[in-house]
Amino acid sequence: MREIVLDTETTGLDPLRGDRLVEIGCIEIYNRMPTGQTFHRYINPERDMPAEAFAVHGLSSEFLSSKPLFTEVVEEFLEFIGDAPLVIHNASFDISFINAELDRIKRLPVSRDRLVDTLLLARRKHPGVSNRLDDLCSRYAIDNSRRTKHGALLDAELLAEVYIDLIGARQSQLILASETRVTVSNGFETPRRQREVPLAPRITDTDREDHRAFVATLGDKPIWNDFLPAAS
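Residues numbered from 1 in each chain as written. Predicted model: local features only at pLDDT ≥ 70, side-chain atom pairs only at ≥ 80, totals over all residues. Heavy atoms only, no water.

## Here's the deal with the sheet that holds strand 2 (residues 21-30)
Phase 1: With mixed pairing, five strands are arranged side by side in an open sheet as 3-2-1-4-5. Sheet topology places strand 3 (33-42) and strand 5 (115-117) at the edges, where each strand pairs with a single neighbour. The sheet shows a mean angle of 25° between the axes of neighbouring strands, taken without regard to direction.
Phase 2: Bridge count between strand 4 (residues 86-88) and strand 5: three bridges; the pairing is parallel. Along strand 5, the bridge assignment pairs I88 with D117.
Phase 3: Along the sheet, helix 4 (residues 91-104) makes contact with strand 1 (2-10), strand 2, strand 4 and strand 5, crossing strand 1 at roughly 80°.
Phase 4: Lying on the sheet, helix 5 (residues 118-125) is in contact with strand 4 and strand 5; it crosses strand 5 at an angle near 40°. (Pairing = 2+ DSSP bridges. Helix = DSSP H or I, 4+ residues; strand = E, 2+ residues; numbered from the N terminus. Axes fitted to C-alpha atoms, helices over the stretch in contact; angles between N-to-C directions. Contact = heavy atoms within 4.5 Å.)

## Describing the layout of surface pockets
Phase 1: Each pocket or cavity is described by its volume, and for the largest pocket that value is around 590 Å³.
Phase 2: As for the largest pocket, its lining consists of 25 residues, of which E9, V56, F93, R147 and H150 are closest to the centre.
Phase 3: Of all the secondary-structure elements, those providing two or more residues to the lining of the largest pocket are strand 1, helix 1 (51-57), helix 4, helix 6 (133-139) and helix 7 (152-166).
Phase 4: Across the lining of the largest pocket, the residue classes break down as eight nonpolar, nine polar and eight charged. (1 Å grid on protein atoms, 1.4 Å probe; cavity = no way out; pocket = protein on both sides within 12 Å on 5 of 7 lines; lining within 4 Å. Points joined across faces, edges and corners; volume = space filled by probe spheres on them. Nonpolar A, V, L, I, M, F, W, Y, C, P; charged D, E, K, R; others polar.)

## Some points on the pattern of salt bridges
Phase 1: According to the stated counting rule, one finds 14 salt bridges in the structure shown.
Phase 2: With a closest N to O distance of 3.7 Å, E46 and R20 form a salt bridge. Here E46 is found in the loop between strand 3 and helix 1, whereas its partner R20 is found in the loop between strand 1 and strand 2, with 26 residues between them in sequence.
Phase 3: Assessed through its relative accessible area of 14%, R20 is described here as buried.
Phase 4: The shortest N-O distance in the salt bridge between D134 and R147 comes to 2.9 Å. Here D134, found in helix 6, pairs with R147, found in the loop between helix 6 and helix 7; they are 13 residues apart in sequence, far enough to count as distant.
Phase 5: Given the relative accessible area of 28%, D134 is considered partly exposed.
Phase 6: One network of salt bridges, in which partners are shared, links R20, E46, E101 and R104. (Salt bridge = Lys/Arg side-chain N within 4 Å of Asp/Glu carboxyl O. Buried < 20%, exposed > 50% of the residue type's maximum accessible area, 1.4 Å probe, protein only.)

## Structural notes on the environment of R47
Phase 1: Residue placement: R47 occurs in the loop between strand 3 and helix 1.
Phase 2: Assessed through its relative accessible area of 26%, R47 is described here as partly exposed.
Phase 3: With 28 residues separating them in the primary sequence, R47 and D19 have C-alpha atoms 8.6 Å apart.
Phase 4: Setting aside residues no more than four positions away along its own chain, R47 makes contact with T11, G18, D19, R20 and S61.
Phase 5: Among the polar contacts listed, one links the side chain of R47 to the backbone oxygen of G18, at a separation of 3.2 Å. (Polar contact = N/O pair within 3.5 Å; in protein donor to acceptor, adjacent residues only side chain to side chain.)

## Topic: the packing of helix 5 against helix 7
Phase 1: In the contact formed by helix 5 and helix 7, the axes pass within 11 Å of each other and the chain directions differ by 40°. Classified by the interaxial angle, the pair formed by helix 5 and helix 7 is oblique. Relative to helix 7, helix 5 is oriented so that their crossing is left-handed. Mapping the contact onto sequence places T118, L121, A122 and K125 in helix 5 and L159, Y163, D165 and L166 in helix 7.
Phase 2: Class assignment of the residues belonging to the contact of helix 5 with helix 7 gives a composition of five nonpolar, one polar and two charged. (Parallel < 35°, antiparallel > 145°, perpendicular 65-115°, else oblique. Left-handed = near helix turned anticlockwise from the far one by under 90°.)

## What about helix 3 (residues 70-81)?
Phase 1: If you check helix 3, its first and last C-alpha atoms are 15 Å apart, about what twelve residues at 1.5 Å a residue would give, namely 16 Å.
Phase 2: Every buried residue of helix 3 is listed here: F70, V73, V74, F77, F80 and I81. In a view along the axis of helix 3, the buried residues occupy a sector of 135°, so they form one face of it. Turned more than 90 degrees away from the buried face of helix 3 sit E72 and E79, all of them exposed.
Phase 3: Check the buried side of helix 3 and you find it contacts strand 1, strand 2, strand 3, strand 4 and helix 4.
Phase 4: Immediately beyond the C-terminal end of helix 3, within one or two residues, lies G82, with a positive phi of roughly 55°. (Expected span 1.5 Å × (residues − 1). Arc of directions from axis to C-beta.)

Function cannot be read off these values alone, since they describe shape.
This is the structure we're talking about:
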């Protein structure tokens, strides 16, 4: 199953009060494993950058002034996410900014039915404790030392790792890593566990010689020929 892990950075907290999107980062995962395919764009918000937001992500108005507008990257963004579920930490925040940008250019919003909110998943699994992204990285021993400031692509990469642990998929990956897959007659694939060290052969050269000698005693008309289909 294809899923997209997504994060954004913005100029503030409320798109209804004029705050805008400034960065989108997406990581593709397939069957709960990152594929290496990403989408990352900085976006010109066409407004100033409040000091509070700059302190969070370090993206200045000067830096963003040369970046494309949302309308210039929207087609590529929508093509990348396709109809896949969107895995987002505190999903209502990010999707409200994305849908506000889509509304400005008269495009249909992203359906909230597609959202997988890892904050809600974490609160159910770890009630009564903080479940910020940094907390979850610490809890699952994920290295977030590069996260000196928020960044959409880096945060999406970290969230992909957190999500895999949060839903218990990493253990499944460890099991599957030691398996091969066998296609059965109905076309479906089933896992086959492989031995780390193959069993030693139990048939000796003497056994093979004895078998050949026995077959030679059966002559030209062994009994199993009676069960072969008649030649047409």
